[in-house]
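Fold and contact review
Listed below are the residues making up each chain.
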Amino acid sequence: MTSEALSTDEKARPAAANSSRRVPLSRGLSTKLLFLTIAFVLLAEVLIFLPWIASYRVNWLKERLSTAAAVSIVLLQGEPNALSHNAQNDVLMAIGAKAIAVRDGGVSRLLVVSDMPPQVDEHIDIADVGLVNGMTGALDTLFFGGKRMLRVFGPVGDSDKEFELIMPDYRLRDAMLRYSRNVAVVSLLISLFTAMLVYAAIDLIMIGPIRTMTRSILAFSEAPDDPGRVISPTDRSDEIGVAERELAQMQDRLQRMLSEQKHLADLGLAVSKINHDMRNILASAQLMSDRLRQVKDPTVQSFAPKLVRALDRAVSYSEGVLHYGRTQEPAPSRRRLRLRQLVDDVHGLLDIEEGIEFINGVEHAFEVDADSDQLFRVLSNLCRNAVQAMAADTASAVVRRLAVAAERHGSVSRITVTDTGPGLPPKARENLFAAFRGSARSGGTGLGLAIAHELIRAHGGTVELVESIGGRTVFAVTIPDQPVRLDQARNGLRRPA
């Protein structure tokens, strides 16, 4: 593949990514909201339509029965043959009936008839049509009617007579179809109008702000280190306002975290480069320190072991720093240690100025189960922080004292580092074990406490700030002994004396 093809492919990738982030109009929330609103309004109209069409059917039949009742009253009060056959047909055609009858005193009388049908398909009692059977009858007429013969009967007005009407149902069905069509058109217009109003309102209140947040998230993901990509929250007090403010805070925190991570990466690269050369220098110094052991001077012989141990630790730290970017701290190699001697080694490497008192309060026989190099780093970091804090107090009357003590509670060792410094500021206490944020002094990195916390946690213990006020700051390091495996303990007991 040529370089031109590669460049073309690289240009196509961002375009493809941007196109995948764009939501098509057909799948957008606005379109879904519009169609859902129309569907729900139409569904409501359908539920309302059922009692409407049932009422329309009953009213249509009542009108025809009232007309038949009026004609029956006229015929009852006149001569039996007052209407000719043609006139009777005209009356029946006007109301769409085949026959008209009246029941009075239990006696039924046929008043007008043109063509008596051989059978009646459905009997409808106008006085006994309820909501449920009215809706089922209306739907039955709409879908299956048009060729049926109906017998409609019931009282009309305050009359004590009961009137009957024999008529086909095709006119009723045609009228119901026209009414249904008109209702459908009106319902559709109402649905569209309601949907547009609901859409406009919800788009202004919800969809618009959500769309703005979505664009902000997409823009922020393209350049998370750009402060201009952080969303500007509104003053809304509802859920949208809360989401906007939380999103802005989350983007701010993410930007700070990315900045810190970038700073850590740059710092790690710089430290690795410097440390590579430092390791070579320390190796040379280690060779020269080995020659110092051959010098017979008593003073040199007394300082040579401390110098050798310090250089050995420095070389070990340098090698560890080179691997820090790829792995975590190595697992502790735990042994039984005499803590007082380890504290003396820490004291020997501290740059304690005159006026600062160091007290090693650990008993001579006190032992701790820990990794010697890692525990040395923890105590040296804690003690060095205390010395630097007290060094700022230049008044001669101020007590400046650093004390290390230890006590045992069952299988747990507790080491305390106490100083008489000014105490930790609130910001340092809030970010105590966070690198680059938990420093107690200007220009500090806060790495010492972060490293100490990580090392002691690998031992299964804790580092905690017990107290921090003006004139007294106490850190406590708690290290539990290693648990004894049951199979090893049994093997030890089985060994012969």
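Residues numbered from 1 in each chain as written. Predicted model: local features only at pLDDT ≥ 70, side-chain atom pairs only at ≥ 80, totals over all residues. Heavy atoms only, no water.

**Details of the side chain of S468**
Tracing the backbone through its elements, the reader meets S468 in strand β11 (residues 462–469). In this structure the side chain of S468 is engaged in a polar contact, spanning 2.8 Å, whose partner is the backbone nitrogen of L424. Look past the residues within four positions of S468 in its chain and what remains in contact with it is G423, L424, R429 and T473. (Helix = DSSP H or I, 4+ residues; strand = E, 2+ residues; numbered from the N terminus. Polar contact = N/O pair within 3.5 Å; in protein donor to acceptor, adjacent residues only side chain to side chain. Contact = heavy atoms within 4.5 Å.)

**A short note on the pattern of salt bridges**
According to the stated counting rule, one finds 14 salt bridges in the structure shown. Among the salt bridges present, the one from R334 reaches D369, with a minimum N-O distance of 3.8 Å. Placement of R334 in the loop between α7 (298–324) and β6 (335–338) and of D369 in strand β8 (residues 367–370) is noted, with a sequence separation of 35 residues between them. In this pair, the class of R334 matches that of D369, namely buried. A single network of salt bridges, built from pairs that share partners, joins R103, R151, E162 and E164. (Salt bridge = Lys/Arg side-chain N within 4 Å of Asp/Glu carboxyl O. Buried < 20%, exposed > 50% of the residue type's maximum accessible area, 1.4 Å probe, protein only.)

**A few points about helix α9 (residues 372–391)**
With 20 residues, α9 extends 28 Å between its outermost C-alpha atoms, agreeing within 8% with the 28 Å of an ideal straight helix rising 1.5 Å per residue. The residue sitting at the N-terminus of α9 and contributing the capping side-chain oxygen is D371; that oxygen lies 3.0 Å from the backbone nitrogen of D373. (Expected span 1.5 Å × (residues − 1).)

**Let's talk about a nonpolar patch on the surface**
Judged by side-chain polarity, L42, L188, L192, F193, M196 and L197 come together as a nonpolar surface patch covering roughly 550 Å² of accessible area. If one sorts the elements of the nonpolar patch by residue count, helix α5 (residues 170–222) sits on top with five residues. Tracing the chain through its elements places M196 in helix α5. (Patch = residues over 30% accessible without salt bridge, like charges linked within 9 Å, V, L, I, M, F, W, Y side chains within 5 Å. Areas by Shrake-Rupley, 256 points an atom, 1.4 Å probe, with all protein chains shown as cover.)

**So, the side chain of N360**
Counting through the fold element by element, N360 comes out in strand β7 (residues 357–360). From its side chain, N360 meets the backbone nitrogen of V362 in a polar contact 3.3 Å long. Non-local contacts of N360, meaning those with residues more than four positions away in its chain, are made with R340, V343, D344 and V404.

**Side note on the UniProt feature "transmembrane region" (unreviewed entry) in the protein chain**
What UniProt calls "transmembrane region" (unreviewed entry) maps, in this numbering, to residues 33–54 and 183–207. For the annotated span residues 33–54, helix accounts for 100% and strand for 0% of the residues, and the straight-line distance between the end C-alpha atoms is 32 Å. Summarising residues 183–207: 100% helix, 0% strand, and an end-to-end C-alpha distance of 32 Å. (UniProt positions renumbered as here; feature names shortened; annotations may be inferred.)

**Concerning the packing of helix α8 (residues 339–349) against α9**
Two numbers describe a pair of packed helices, the interaxial angle and the distance between the axes. Relative orientation of the contacting elements α8 and α9 amounts to 50°, with a least axis distance of 10 Å. Comparing the axis directions of α8 and α9 gives the class oblique. Every pair of crossing elements has a handedness; the one defined by α8 and α9 is right-handed. Of the residues in α9, those touching α8 at L339, L342, V343, D345, V346 and L349 are S372, L375, F376, L379, S380 and C383. (Axes fitted to C-alpha atoms, helices over the stretch in contact; angles between N-to-C directions. Parallel < 35°, antiparallel > 145°, perpendicular 65-115°, else oblique. Left-handed = near helix turned anticlockwise from the far one by under 90°.)

**Things to note about the nonpolar core**
Core analysis: the biggest nonpolar cluster contains 36 residues, and L339, L375, L379 and L402 have the highest contact counts within it. Looking at this core, the elements that each hand over two or more residues are α8, β8, α9, β9 (401–409), β10 (412–419), α11 (447–458) and β12 (472–480). If you tally residues by element for this core, the top one is α9, at nine residues. The contact partners of L402, leaving out residues within four places of it in the chain, are L350, E357, F358, I359, C383, A386, V387, M390, V417, T418 and D419. In this structure, I95, I126, V156 and M167 belong to the second largest nonpolar core, which totals 32 residues. (Core = buried A, V, L, I, M, F, W, Y, C linked by side-chain atoms within 4.5 Å.)

**Brief notes about the environment of V152**
Positionally, V152 belongs in strand β4 (residues 149–155). Each C-alpha atom, one on V152 and one on L65, is 7.4 Å from the other, the two residues being 87 residues apart in sequence. Setting aside residues no more than four positions away along its own chain, V152 makes contact with L61, L65, I124, I126, F163, E164 and L165.

**Observations concerning the packing of aromatic side chains**
Between two aromatic rings, the relevant description is the distance of the centres plus the angle of the planes. Inspection of the entire model under this criterion finds one aromatic pair. Ring geometry for Y56 against Y179: centres 4.4 Å apart, planes inclined by 10°, an arrangement best described as stacked. You can see Y56 sitting in helix α2 (residues 29–77) and its partner Y179 sitting in helix α5, a full 123 residues away along the chain. Over the face of the ring belonging to F153 we find R151, whose NZ or CZ atom lies 4.2 Å from the ring centre. In this arrangement the basic side chain of R408 is found over the ring face of F366, its NZ or CZ atom lying 5.9 Å from the centre. (Phe/Tyr/Trp six-rings, centres within 6.5 Å; stacked < 30°, edge-to-face > 60°. Lys NZ or Arg CZ within 6 Å of the ring centre and 35° of its normal.)

**So, the confidence of the model for the protein chain**
Across the protein chain, the average pLDDT comes to 77, with 73% of residues at 70 or higher. Model confidence for the protein chain, summarised as mean pLDDT per element, is weakest for helix α1 (residues 3–21) at 46 and strongest for β10 at 95. Across residues 1–20, confidence stays below pLDDT 50; counting only partners more than four residues off in sequence or on other chains, it has two contacts. (pLDDT = per-residue confidence, 0-100.)

**Examining the sheet that holds β7**
Read from one edge of the open sheet, five strands run β7-β9-β10-β12-β11, paired in mixed fashion. The open sheet terminates on both sides in strands that have one partner only, identified here as β7 and β11. Neighbour-to-neighbour, the strand axes of the sheet open up by a mean angle of 15°, direction not taken into account. As defined by bridge partners, β10 adjoins β12 across eight bridges and the pair is classed as antiparallel. Across the sheet, residue R414 finds its bridge partner in β12, namely T478. Taken strand by strand, α8 contacts β7, β9 and β10, and its axis lies near 160° from that of β7. Across the sheet, α9 lies against β7, β9, β10 and β12, angled at about 20° from β10, the strand it touches most. (Pairing = 2+ DSSP bridges.)

**Overview of the sheet that holds strand β2 (residues 107–113)**
Overall, mixed pairing links the five strands, which are arranged β2-β1-β5-β4-β3 in an open sheet. Every other strand in the sheet has two partners, leaving β2 and β3 (122–125) as the edge strands with one partner each. Strand-to-strand twist across the sheet, computed as the mean angle between neighbouring axes with direction ignored, equals 20°. With five bridges joining them, strand β1 (residues 99–104) and strand β5 (residues 162–168) adopt antiparallel strand pairing. Its bridge partner lying in β5, R103 is registered against E162.

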